[in-house]
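# Close look at the chain arrangement
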Amino acid sequence: IYKVGTGPRGKSAHRRLKHIAGTDTLRPEIITWAQSARKAGYTTATLGKWHLSKDPLPYGFDLNIGGGHSGSPPRGYLPPHGKVAGLKNAPKDEYLTDRLSEEAIRFIESNRKKPWLVYLTHFAVHTPLQAKEKDRKYFAAKKPGKLHNHAIMAGMIKSVDDGVGRIIAKLEELKLKDNTVILFGSDNGGYGPATSMHPLKGYKGTYYEGGIRVPFFVNWPGVVKPGTRCSTPIAAVDMHPTIRAICGGKLPAGQIQDGVNLLPLFKGETIAQRPIYWHFPAYLQSYKQTNEQRDLLFRTRPCSIIRRGRYKLHEYLEDGALELYDLQSDIRERN
């Protein structure tokens, strides 16, 4: 089994390919969905993780709280929040996830009489693993489940859930709920040492289903029928054309569009089957695996993945090795 080191952040005799430095900043000439929404008359806010530049405001936002180059909270989830934009002089014991939810509520209240768009990207449940002590104790006192028994991770998830609940309650109070679209999703699978992706193989940082298959929810009164399910595969790049379609925004001529508009799926219709791609020509560091994941001694090595319908093909770029899976009959990617 092939083990890898820490990619560009360290050296490893196991790495077969040289690291080629890329960019860590979104090119300013690329028009974002936020810019399209603002041009269509929406007031916009980004709250939490940005990870695409030092300052998200030039990319189409009127308000930024928390957004910068960091992919995790620079000083954790408790004060002082330090370099987190807009969060100086935080109250003692203020939990970052709670604060971001409250800032979203303030923004909605102050803009309730005009079109608005909130991009709330909680740092939770990203490391460092830190929960409010009362939530940690609450879950620690419970009997562990078959899949999850990490009280701190559970507490972090609870803070996200509680925040979503408070935002929805505010929308109802302001009589905005029936005129609001809520999109809720995640960018990758669970953190291996703290959560299980069973029955899926892999976890965050791998390109097995446990690393890339995530839930996605849509709440849109009058458009999305409550309780319905959709099995059509989608990807995060689909959010760009979908949000533009919702807001009435336009894409400049000549800009490439990777995703597709998902509004037909929201309405119970269909879209044409198309391949979905993941391309990761780099190495990620490993971490201590759970018993369930001992067969995966790496987070990932350079690879490209394509999914079309029931079939999924892995190509490993060091040696061209291929793995083909039928996800309909083998969701655990064993054969």
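The structure we're discussing is the one just above.
Residues numbered from 1 in each chain as written. Predicted model: local features only at pLDDT ≥ 70, side-chain atom pairs only at ≥ 80, totals over all residues. Heavy atoms only, no water.

### Topic: the sheet that holds strand β8 (residues 311-316)
With antiparallel pairing, four strands are arranged side by side in an open sheet as β6-β7-β8-β9. Strands at the two margins of the open sheet, each flanked by one partner only, are β6 (276-280) and β9 (321-326). Each strand of the sheet is rotated relative to its neighbour by a mean of 10°, with strand direction disregarded. (Pairing = 2+ DSSP bridges. Helix = DSSP H or I, 4+ residues; strand = E, 2+ residues; numbered from the N terminus. Axes fitted to C-alpha atoms, helices over the stretch in contact; angles between N-to-C directions.)

### Thoughts on the pattern of salt bridges
Counting across every chain of the model gives 21 salt bridges. Between E103 and R106 there is a salt bridge whose closest N-O contact spans 3.1 Å. Here E103 pairs with R106, and both are found in helix α2 (residues 96-110), just three residues apart, close to one helical turn. On the basis of relative accessibility, which here comes to 45%, the residue R106 falls in the partly exposed class. (Salt bridge = Lys/Arg side-chain N within 4 Å of Asp/Glu carboxyl O. Buried < 20%, exposed > 50% of the residue type's maximum accessible area, 1.4 Å probe, protein only.)

### Some remarks on the nonpolar core
A general feature of soluble globular proteins is that nonpolar side chains tend to end up buried together. Core analysis: the biggest nonpolar cluster contains 22 residues, and Y77, L96, I108, W116, M156, I167 and L171 have the highest contact counts within it. For this core, the secondary structure elements donating two or more residues are β1 (43-48), α2 and α4 (151-173). In terms of residue count, the dominant contributor to this core is α2 (six residues). When residues no more than four places from it in sequence are discounted, the contact partners of L171 are I108, W116, L176, K177, T180 and I182. Within the second largest apolar cluster, 16 residues are counted, among which are Y59, M239, I243 and L262. (Core = buried A, V, L, I, M, F, W, Y, C linked by side-chain atoms within 4.5 Å. Contact = heavy atoms within 4.5 Å.)

### Considering helix α6 (residues 239-247)
Burial analysis of α6 places seven of its nine residues in the buried class, the great majority of the element. By the burial criterion, the buried members of α6 are M239, H240, P241, T242, I243, R244 and C247. Packing partners of the buried residues in α6 comprise α1 (33-39), β3 (116-121), β4 (182-185), β5 (216-219) and α7 (263-266). One or two positions beyond α6, positive phi appears at G248, with a value near 80°.

### A word on the sheet that holds β1
Backbone hydrogen bonds are what pair the strands of a sheet, in a parallel or an antiparallel way. Taking strand neighbours across the sheet as the criterion, the three strands line up as β2-β1-β3 in an open arrangement whose pairing is parallel. At either margin of the open sheet sits one strand with a lone partner, and together these are β2 (63-65) and β3. Across the sheet, the axes of successive neighbouring strands diverge by a mean angle of 10°, strand direction being ignored. Summarising the sheet, β1 and β2 pair through three bridges and their orientation is parallel. Bridge assignment links L47 to a residue of β2, and that residue is I65.

### Looking at the packing of helix α3 (residues 133-140) against α4
Helix packing for two helices is described by the angle between their axes and how far apart those axes are. For the pair α3 and α4, interaxial distance at closest approach is 8 Å and the crossing angle is 120°. Between α3 and α4, the interaxial angle falls into the category oblique. Here α3 and α4 pass one another in a crossing that is right-handed. Judged by residue contacts, D135, R136, F139 and A140 of α3 engage A151, I152, A154, G155, K158 and S159 from α4. Considered class by class, the residues forming the contact of α3 with α4 number five nonpolar, two polar and three charged. (Parallel < 35°, antiparallel > 145°, perpendicular 65-115°, else oblique. Left-handed = near helix turned anticlockwise from the far one by under 90°. Nonpolar A, V, L, I, M, F, W, Y, C, P; charged D, E, K, R; others polar.)

### A short note on the environment of S186
Within the secondary structure, S186 sits in the loop between β4 and α5 (209-212). Judged by relative accessible area, which is 39%, S186 ranks as partly exposed. When the C-alpha atoms of S186 and P252 are compared, they prove to be 28 Å apart, with 66 residues separating the residues in sequence. Dropping the residues within four chain positions of it, S186 is found in contact with V214 and P215.

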